[in-house]
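In case you want the letters, here they are:
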Amino acid sequence: MHIHRYEKLWLIIGSLILLVFLAILAIQTFYLEMGPPSHAEMMDPQEVRESELFADAELTEIGDNEYEIAIVAEMFAFQPGDLEIPAGATVHFTLASPDVTHGFKITDTNVNVMVVPGHISKVSHTFHEAGEYLILCNEYCGLGHEFMANTITVN
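Residues numbered from 1 in each chain as written. Predicted model: local features only at pLDDT ≥ 70, side-chain atom pairs only at ≥ 80, totals over all residues. Heavy atoms only, no water.

Undergrad: In this structure, what is going on with a nonpolar patch on the surface? I would like to understand it.
TA: A surface patch of nonpolar side chains, amounting to about 380 Å² of accessible area, comprises L18, F21, L22 and L25. Within the secondary structure, L18 sits in helix α1 (residues 5–31). Overall, the relative accessible area of 49% leaves L18 in the partly exposed class. (Patch = residues over 30% accessible without salt bridge, like charges linked within 9 Å, V, L, I, M, F, W, Y side chains within 5 Å. Areas by Shrake-Rupley, 256 points an atom, 1.4 Å probe, with all protein chains shown as cover. Salt bridge = Lys/Arg side-chain N within 4 Å of Asp/Glu carboxyl O. Helix = DSSP H or I, 4+ residues; strand = E, 2+ residues; numbered from the N terminus. Buried < 20%, exposed > 50% of the residue type's maximum accessible area, 1.4 Å probe, protein only.)

As structure tokens, then:
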């Protein structure tokens, strides 16, 4: 069987492109640790409100200008309500839902998380600029969905 030299050339080029792509993917996943999360934190949705993690729904300082908060996304509100955060602070959000799937989107940031019943979702963000950031539910969750919003005020 004879393969034309141009066909050989394109087979080699295609194979090299594939190898480069796979090498980049491997470097990102294993060396830079940019792979998808490999552990799933689970929780019985009926126990979200009573759990120790979500019972104390306050912004807690855990380090120098670093905070954490546990938020419950439920029909049709985020608990706790509006938040005040100092400028430059990093906030670690832990989210759960006791009822249906909700979204957690902070406008003007790259924070966008799906909050699924039975799963604990985590996301962090550093608020560099002062201002008001709107938290929206961007997954349809029922008739009161459009009222599900809070505000983060960064001072």
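Undergrad: Is there a simple way to think about the environment of S51 in this case?
TA: Note on placement: S51 falls in the loop between α1 and α2 (52–55). A residue is classified by how much of its surface remains accessible, and S51, at 12% relative accessible area, is buried. A polar atom in the side chain of S51 sits 3.3 Å from the backbone nitrogen of F54. (Polar contact = N/O pair within 3.5 Å; in protein donor to acceptor, adjacent residues only side chain to side chain.)

Undergrad: Explanation requested: the nonpolar core in the structure shown.
TA: Among soluble globular proteins, nonpolar side chains are generally buried collectively. In this structure, F78, F93, F104, I106, F127 and I152 are the most contacted members of the largest nonpolar core, which totals 25 residues. For this core, the elements supplying multiple residues, two or more each, are β2 (66–74), β4 (83–85), β5 (89–96), β6 (102–106), β7 (112–115), β8 (121–127), β9 (131–136) and β10 (149–154). Of all hydrophobic cores here, the second largest spans 7 residues; its members include A70, V72, A96 and I120. (Core = buried A, V, L, I, M, F, W, Y, C linked by side-chain atoms within 4.5 Å.)

Undergrad: Got a minute to help me understand unusual backbone geometry in this structure?
TA: Outside of glycine, negative phi angles account for most residues, and trans bonds account for most peptide bonds. Along the chain, M75 connects to F76 via a cis peptide bond; the corresponding omega equals -15°. Secondary-structure assignment places F76 in the loop between β2 and β3 (77–79). Look at D108: it is not a glycine, yet its phi comes out positive at around 65°. The residue D108 is located in the loop between β6 and β7 in this model.

Undergrad: Which parts of the structure should I look at to understand the sheet that holds β6?
TA: Note on sheets: strands pair through backbone hydrogen bonds, and any given pair is parallel or antiparallel. Within the open sheet, the 5 strands sit side by side as β4-β10-β9-β6-β7. Their pairing is mixed. Looking at strand neighbours, the two that pair on one side only are β4 and β7, the edges of this open sheet. On average, each strand axis in the sheet is tilted by 20° relative to the strand beside it, whichever way the strands run. In this structure, β9 lies alongside β10, joined through 6 bridges in antiparallel fashion. The partner of Y133 across the bridge, within β10, is I152. (Pairing = 2+ DSSP bridges. Axes fitted to C-alpha atoms, helices over the stretch in contact; angles between N-to-C directions.)

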